[in-house]
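Understanding the architecture of this molecule
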Amino acid sequence: METHNSSHVTEFILTGLSHERGIQLFLFALFLIFYLIVLPSNVLIIITIRGDTHLNSPMYFLLANLAFLDIWYSSITAPKMLADFFSERKVISFGGCIAQLFFLHFVGAAEMFLLTVMAYDRYVAICKPLYYSVQMSRRLCVTLVVASWAGGFIHSLIQVVLIIRLPFCGPNELDNYFCDITQVLRITCTDSFMEEIVMIFSSGLISVVCFVALLVSYAFLLTVLKKNVGESATKALSTCYSHITIVIFMFGPAIYIYARPFDEYAPDKVVSVFHTIIFPLLNPIIYTLRNKEITTAMKKLVLQYLLCRKCVG
C-alpha cells in the first residue's frame, strides 16, 4: 500500500470482477460490446430527436436529455473497468476515486430526478391534454432539466464532503471494480456510523421516495388509460410500460445498494454491474424498440445519410 507520511492513503486497489484470465477476457468482450452499443445508440437518439421536427415535443426533449445522461453515466466506470481487465494491479488514485464517486452520484441522481420529471410529463399529457402545451412549455422543460442536474449535483456534493473529511490510513483495497461510498466507508480508520446513516438517508431515501412516487403515479395513469380505448390510449399505455420498465431497472439496484447498512454482501458486485453497465443499455433498447415514431425517424435519418453518401461518391 502506498502511503504519504505513513498515514494517508494516496491510492486504492480495486479487486475487480474476477482473477481468472479466461473470465476476464470474456467479460471484457461482453462489456465492450455493451459500451459500444450504448454510446452510438444514445448519440443516434439525440441526433434523431434534434433533427426531426415531428419529435419536437416535451417527451422527446426529456428523452434526449435522458440519452445524454446515459452516455455520461456509462462512461464513468466502463472505460477504466475495461482497461483494468488487462492490468495485473488495478489501481485508482485517491483523487480519481473521489472524482469517480462524485460523478457517479451526480449523474445517477440527476437521472432519477429526470425520470420523475418524465412521469410528470406523462401525467399532464394523459390527464390534462388540452393544457399540455401550456403546462409543459419549453421554458418549464428546460427549468425542470436544470433542476434535475442541480439536484444531482447537491446530492453528490454531500457524499463527497462526508467522504473526503474521513481519515484513510489502511487498508486501501476496495472490493469492487470502481469507487463507491459503500466500499470506501468500509475501510476508513474511524467510526463512520453517522456518515453511513446520512448517506443511507441521502442516497437510499432519494431512491425509495422517487421509486414509490413513480410507481404510484404510473399506476394511476395506467388505471386512467385502461378506461379509454383507441390508438392514442394504446400508444400512451406502451409509453407508460416503457417508463415503468426503466424505473424498475434503475431504482431496484439503487435501493438494494444504498437503502441498507453498507455491509458486504455476495451479490453486491453483480448488482453493481447491472446498475452501472447493463442499465444504460436498457434505455435506448426499450425506448427505441417500443417507440414507432423514433424508429421511423431513425430509419429516415439513416436513409438520408446513405443517399447523401451516394451523391457525394
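Residues numbered from 1 in each chain as written. Predicted model: local features only at pLDDT ≥ 70, side-chain atom pairs only at ≥ 80, totals over all residues. Heavy atoms only, no water.

**Some words on the pairing of strand 3 (residues 11–14)**
Rule in force here: Two strands form a pair only when DSSP identifies at least two bridges running between them. Secondary structure is summarised from DSSP: a helix means a run of H or I of at least four residues, a strand means a run of E of at least two, and numbering begins at the N terminus for each.
As paired elements, strand 3 and strand 4 (residues 91–93) share three bridges and run antiparallel to each other. Within the sheet, the bridge partner assigned to I13 lies in strand 4 and is V91. Bridge count between strand 3 and strand 5 (residues 173–174): two bridges; the pairing is parallel. Bridge assignment links L14 to a residue of strand 5, and that residue is L174.

**As for the packing of aromatic side chains**
How we decide: Stacked, tilted and edge-to-face are the three classes applied to pairs of Phe, Tyr and Trp rings, where Trp contributes its six-membered ring and a pair requires centres within 6.5 Å; stacked means planes under 30 degrees apart, edge-to-face means over 60, and tilted covers the rest. Throughout, exposure labels follow a simple rule: accessible area from a 1.4 Å probe, protein chains only, divided by the maximum for the residue type, with under 20% read as buried, over 50% as exposed, and the rest as partly exposed.
The full count for this structure, using the stated rule, is 21 aromatic pairs. Between F28 and F86, the ring centres sit 4.7 Å apart and the planes meet at 80°, which makes this aromatic pair edge-to-face. Residue F28 is located in helix 1 (residues 21–51), and its partner F86 is located in the loop between helix 2 (58–84) and strand 4; the two are separated by 58 residues in the primary sequence. Accessibility expressed as a relative area gives 46% for F86, which makes it partly exposed. Arranged with centres 6.2 Å apart and planes meeting at 45°, the rings of F31 and F34 form a pair that is tilted. Placement of the pair is F31 and F34 together in helix 1, with a separation of three residues, close to one helical turn. By relative accessible area, F31 is classed as buried at 5%.

**Observations regarding the UniProt feature "transmembrane region" (unreviewed entry) in the protein chain**
As a reminder, the rule being used: UniProt positions are given in the numbering used here, feature names are shortened, and annotations may be inferred rather than shown by experiment.
The UniProt entry lists residues 25–47, 59–78, 98–120, 140–164, 200–224, 236–258 and 270–289 under the feature "transmembrane region" (unreviewed entry), expressed in the numbering used here. Each end of residues 98–120 is marked by a C-alpha atom, and these two atoms are 33 Å apart; helix forms 100% of the span and strand 0%. As annotated, residues 140–164 comprises 100% helix and 0% strand, and the C-alpha atoms at either end are separated by 36 Å.

**Describing the pattern of salt bridges**
Selection rule: By definition here, a salt bridge exists when the distance from a side-chain nitrogen of Lys or Arg to a carboxyl oxygen of Asp or Glu is within 4 Å.
A complete count under the given rule lists four salt bridges for this structure. Notably, a salt bridge pairs K80 with D84, separated by 3.3 Å at the nearest N-O pair. Highlighted residues: K80 and D84, both in helix 2, separated by four residues, approximately one helical turn. On the accessibility criterion, K80 (23% relative accessible area) is partly exposed. Note on D84: relative accessible area 7%, which makes it buried. Between E195 and R165 there is a salt bridge, with its nearest N and O atoms 2.9 Å apart. Residue E195 is located in helix 7 (residues 193–226), and its partner R165 is located in the loop between helix 5 (138–164) and strand 5; the two are separated by 30 residues in the primary sequence. A relative accessible area of 54% means that R165 is categorised as exposed.

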